[in-house]
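# Tertiary structure, described
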Amino acid sequence: MAETRYIFVTGGVASSLGKGIISSSIGKLLQSRGYKVTIQKFDPYINIDPGTLNPYEHGECYVTVDGHEADLDLGHYERFLGIQTTKANNITTGRIYNNVIKKERKGDYLGKTIQVIPHITDEIIRNIQLLGNKYKFDFVITEIGGTVGDIESLPYLESIRQMKRRLGKNAISVHLTYVPFLAAAKELKTKPTQHSVKELQSFGVQPDILVLRSEHKLNDTLKKKVALFCNVSDSAVIESVDMPTIYEVPIRMQEQGLDETILKMVGLPIGKRPEMKEWREFLARRDAAKSTVNIALVGKYVQLQDAYKSILESLSHAATHNDRKLEVTYLNSEQLTDENISEKLEGIDGVVICPGFGQRGITGKYVAAKYTRMHNLPTFGICLGMQCMAIEFARNVLGYADANSTEMDDQTAHNVIDIMEEQKSITNMGGTMRLGAYECTVDTNSKTFEAYQTTSIQERHRHRYEFNNKYRERFEKKGMRCVGVNPDSDLVEIIEISDLKFYIGTQFHPEYSSTVLKPHPLFLSFIKAAINK
Ligand code: GLN
């Protein structure tokens with residue numbers, strides 16, 4: 001197909017309605033019809049990327065293969081579509097302005113006054129069309145973060161208006177709103193939707209499709225009323241009621257013909273409705289699973305599910321593929337002690353020691369690593385979690401009571417985790433960690449190899465500290481083996497105690513690459529070990 005079609009997804013009434021899931025579902029449906037689809041997200045904040053944001057502010061920081069620190073919605077895009085996204089898929093207002101200001105300094109606009117329109121909007125449009133022009137996608141779905149009416153969103157809405165004007169039917173707008181249920185009146189209310197659409201129209205954007213989020217089913221009369229007041233066709237009002245799993249959403253959207261409506265609008269043949277066999281099989285399997293597997297997450301961001309989003313999703317994929325329901329217990333690492341750990345882990349089948357930064361909550365991670373090591377409870381340490389496993393081992397098995405990471409104590413005599421050489425001279429915080437996908441060679445004689453079934457893997461990273469190779473022999477002699485190593489830098493990527501059922505730590509983040517149809521091998525093995533414990 002020569003032309004690229006652009007779909008814009010905006011949201012109104014409230015935030016957190018799930019624009020990312022709707023964008024992913026639309027992408028999934030179009031992809032199932034054989035189209036080459038990608039999804040990008042614009043975030044209206046001023047940070048250049050979310051890498052410097054606290055997870056409390058914006059949830060997990062996701063990392064793409066090309067080393068971009070990205071919004072967590074990119075994780076949904078990858079998990080639904082099984083694609084790999086890049087730096088081009090997540091752009092913030094900060095980056096847009098930064099690009100424009102850099103061009104201005106170079107003299108690219110010599111003589112001109114630089115303004116939001118056209119310079120900022122042109123840069124936004126360039127970044128949208130880049131995916132179509134350079135990478136030749138059939139569909140580029142662009143999700144606009146924030147809510148219509150926010151001051152920060154205005155240049156994006158103006159860019160949508162311009163693109164719709166320029167591209168005609170090849171650019172369509174999907175607007176997601178919320179239909180609340182007023183218990184006292186026992187009624188679903190469409191007024192917020194009407195207002196939100198009016199707001200969008202006031203910027204010159206007429207939505208083509210409305211997706212109405214609600215906790216209750218919407219009847220036809222209500223949908224027709226919304227269509228009439230909001231100036232869209234009846235078939236373009238889609239409901240999205242809360243689902244037991246986000247992975248049901250594409251199926252519910254398909255039932256309402258959302259993809260067909262889109263194809264009709266952009267003038268593409270409709271053809272047969274795809275079966276989505278594998279996807280449905282996944283859902284059926286998830287549904288059929290009766291017994292549970294109980295996994296504890298040990299970390300400091302426990303009040304907030306989004307902080308460990310990709311880990312949760314990876315565990316859930318792996319549980320389904322092992323025919324188990326996933327039960328997750330959050331254990332606040334700030335509150336774990338040698339005294340209460342056994343009680344806290346009662347009924348738990350496996351423990352994930354979570355990634356993170358800094359001192360807060362670190363001791364609880366050592367407590368957990370020690371307890372699970374001594375009780376042979378399946379344990380999966382990720383990034384900082386892996387580093388904690390190594391430090392605990394050094395303290396309690398190798399006998400270096402002061403063993404530490406120089407992140408926590410730069411004076412320690414036993415720096416079993418140390419800052420990477422290339423990091424020593426870095427002073428800027430943003431985008432300067434070791435980021436993105438790197439090669440790793442896996443030892444065939446290891447539990448890790450049993451999971452991967454291959455010696456050559458690539459996984460994504462986000463860290464500044466590494467296992468100190470000076471200690472490698474001492475660790476290995478006592479049973480903690482370095483079974484995955486970067487072939488170029490010799491950096492230790494995976495440690496394991498092979499005598500235990502599953503005691504594996506990875507310097508990389510396997511959770512970024514688990515998808516619905518292709519769960520990650522280490523998560524699969526971990527869940528298997530947890531079930532068999
Ligand atoms: N803080 C550790 C480091 O920088 C681990 C990072 C992480 O868990 N993502 O090396």
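In this report, the structure presented in the accompanying data block is examined. (Residues numbered from 1 in each chain as written. Predicted model: local features only at pLDDT ≥ 70, side-chain atom pairs only at ≥ 80, totals over all residues. Heavy atoms only, no water.)

## Some thoughts on the pattern of salt bridges
Pairs can form between side chains of opposite charge once their charged atoms are near each other. According to the stated counting rule, one finds 34 salt bridges in the structure shown. The salt bridge involving Arg-460 is made with Glu-78; its shortest N-O contact spans 2.8 Å. Of this pair, Arg-460 sits in strand S18 (residues 456–463) while Glu-78 sits in helix H3 (residues 73–81), and the two are 382 residues apart along the sequence. The class for Glu-78 is buried, based on a relative accessible area of 3%. (Salt bridge = Lys/Arg side-chain N within 4 Å of Asp/Glu carboxyl O. Helix = DSSP H or I, 4+ residues; strand = E, 2+ residues; numbered from the N terminus. Buried < 20%, exposed > 50% of the residue type's maximum accessible area, 1.4 Å probe, protein only.)

## Re the sheet that holds strand S20 (residues 480–485)
The mixed open sheet is built from nine strands, whose spatial order is S13-S12-S14-S15-S22-S21-S20-S17-S18. Edge positions in the sheet fall to strand S13 (325–332) and S18, since each of these pairs with one other strand and no more. Between one strand and the next, the sheet's axes are offset by a mean angle of 30 degrees, whatever the strand orientation. Relative to S20, strand S17 (residues 434–442) is paired through two bridges, and the arrangement is antiparallel. Bridging from a neighbouring strand, Thr-441 pairs with Val-485 of S20. Against the sheet, helix H15 (residues 384–396) makes contact with strand S14 (350–353), strand S15 (379–382), S20, strand S21 (492–497) and strand S22 (503–506), and its axis sits at roughly 115 degrees relative to S15, the strand it touches most. The strands touched by helix H18 (residues 521–532) within the sheet are strand S12 (292–299), S14, S15 and S22, with S12 carrying the most contacts at an inclination of about 115 degrees. (Pairing = 2+ DSSP bridges. Axes fitted to C-alpha atoms, helices over the stretch in contact; angles between N-to-C directions. Contact = heavy atoms within 4.5 Å.)

## With respect to the packing of helix H7 (residues 191–202) against helix H8 (residues 220–230)
Their axes nearest at 10 Å, the elements H7 and H8 cross at an angle of 25 degrees. Here H8 runs roughly parallel to H7, going by the angle between their axes. Both H7 and H8 take part in a crossing whose hand is right-handed. Contact residues: Thr-193, Gln-194, Val-197 and Gln-201 in H7; Lys-225, Val-226, Phe-229 and Cys-230 in H8. Of the residues assigned to the contact of H7 with H8, the class counts are four nonpolar, three polar and one charged. (Parallel < 35°, antiparallel > 145°, perpendicular 65-115°, else oblique. Left-handed = near helix turned anticlockwise from the far one by under 90°. Nonpolar A, V, L, I, M, F, W, Y, C, P; charged D, E, K, R; others polar.)

## With respect to the nonpolar core
The biggest cluster of nonpolar side chains holds 55 residues, and the ones touching the most others in it are Ile-7, Ile-26, Phe-139, Ile-209, Leu-212, Ile-262 and Trp-279. Aside from chain neighbours lying at most four places away, what touches Phe-139 is Arg-5, Ile-7, Leu-30, Tyr-35, Lys-36, Val-37, Thr-38, Ile-262, Leu-263, Val-266 and Leu-268. (Core = buried A, V, L, I, M, F, W, Y, C linked by side-chain atoms within 4.5 Å.)

## Here we look at the site of the ligand
Around the ligand sit Pro-355, Gly-356, Phe-357, Cys-383, Leu-384, Gln-387, Glu-407, Arg-462, His-463, Arg-464, Tyr-465 and His-509, and that is every residue in its neighbourhood. Taking Gln-387, its side chain carries an N or O atom lying 3.1 Å from an oxygen atom of the ligand. Arg-462 is positioned with one of its backbone polar atoms (N or O) 2.9 Å from a nitrogen atom of the ligand. Residue classes in the shell around the ligand are distributed as five nonpolar, four polar and three charged. (Near = heavy atom within 4 Å. Polar contact = N/O pair within 3.5 Å; in protein donor to acceptor, adjacent residues only side chain to side chain.)

## Re the pairing of strand S1 (residues 5–11)
Here S1 lies mainly inside the structure; seven of its seven residues are buried. Residue alternation in S1 divides its side chains into two sets, Arg-5, Ile-7, Val-9 and Gly-11 and Tyr-6, Phe-8 and Thr-10, and both sets are buried. Inspection of the sheet shows S1 paired to strand S6 (residues 139–144) by five bridges, in the parallel sense. Considered in S6, the bridge of Phe-8 is made with Thr-142. By the bridge criterion, six bridges tie S1 to strand S7 (residues 171–178) in an arrangement that is parallel. Looking at the pairing, Ile-7 lines up with Ile-172 of S7.

## Describing the packing of aromatic side chains
For the structure shown, the criterion picks out 16 aromatic pairs. A centroid spacing of 6.1 Å and a plane angle of 80 degrees characterise the contact between Tyr-247 and Trp-279, whose relative ring orientation is edge-to-face. Here the residue Tyr-247 occupies a position in the loop between strand S11 (237–241) and helix H9 (249–255), and Trp-279 occupies one in helix H11 (residues 277–288), the gap between them amounting to 32 residues. The pair Tyr-247 / Trp-279 is uniform in exposure class, with both members buried. Seen in terms of ring centroids, Phe-393 and Phe-475 are 5.7 Å apart; in terms of plane orientation they differ by 20 degrees. Their pairing is stacked. Placement of the pair is Phe-393 in helix H15 and Phe-475 in helix H17 (residues 472–477), with a sequence separation of 82 residues. (Phe/Tyr/Trp six-rings, centres within 6.5 Å; stacked < 30°, edge-to-face > 60°.)

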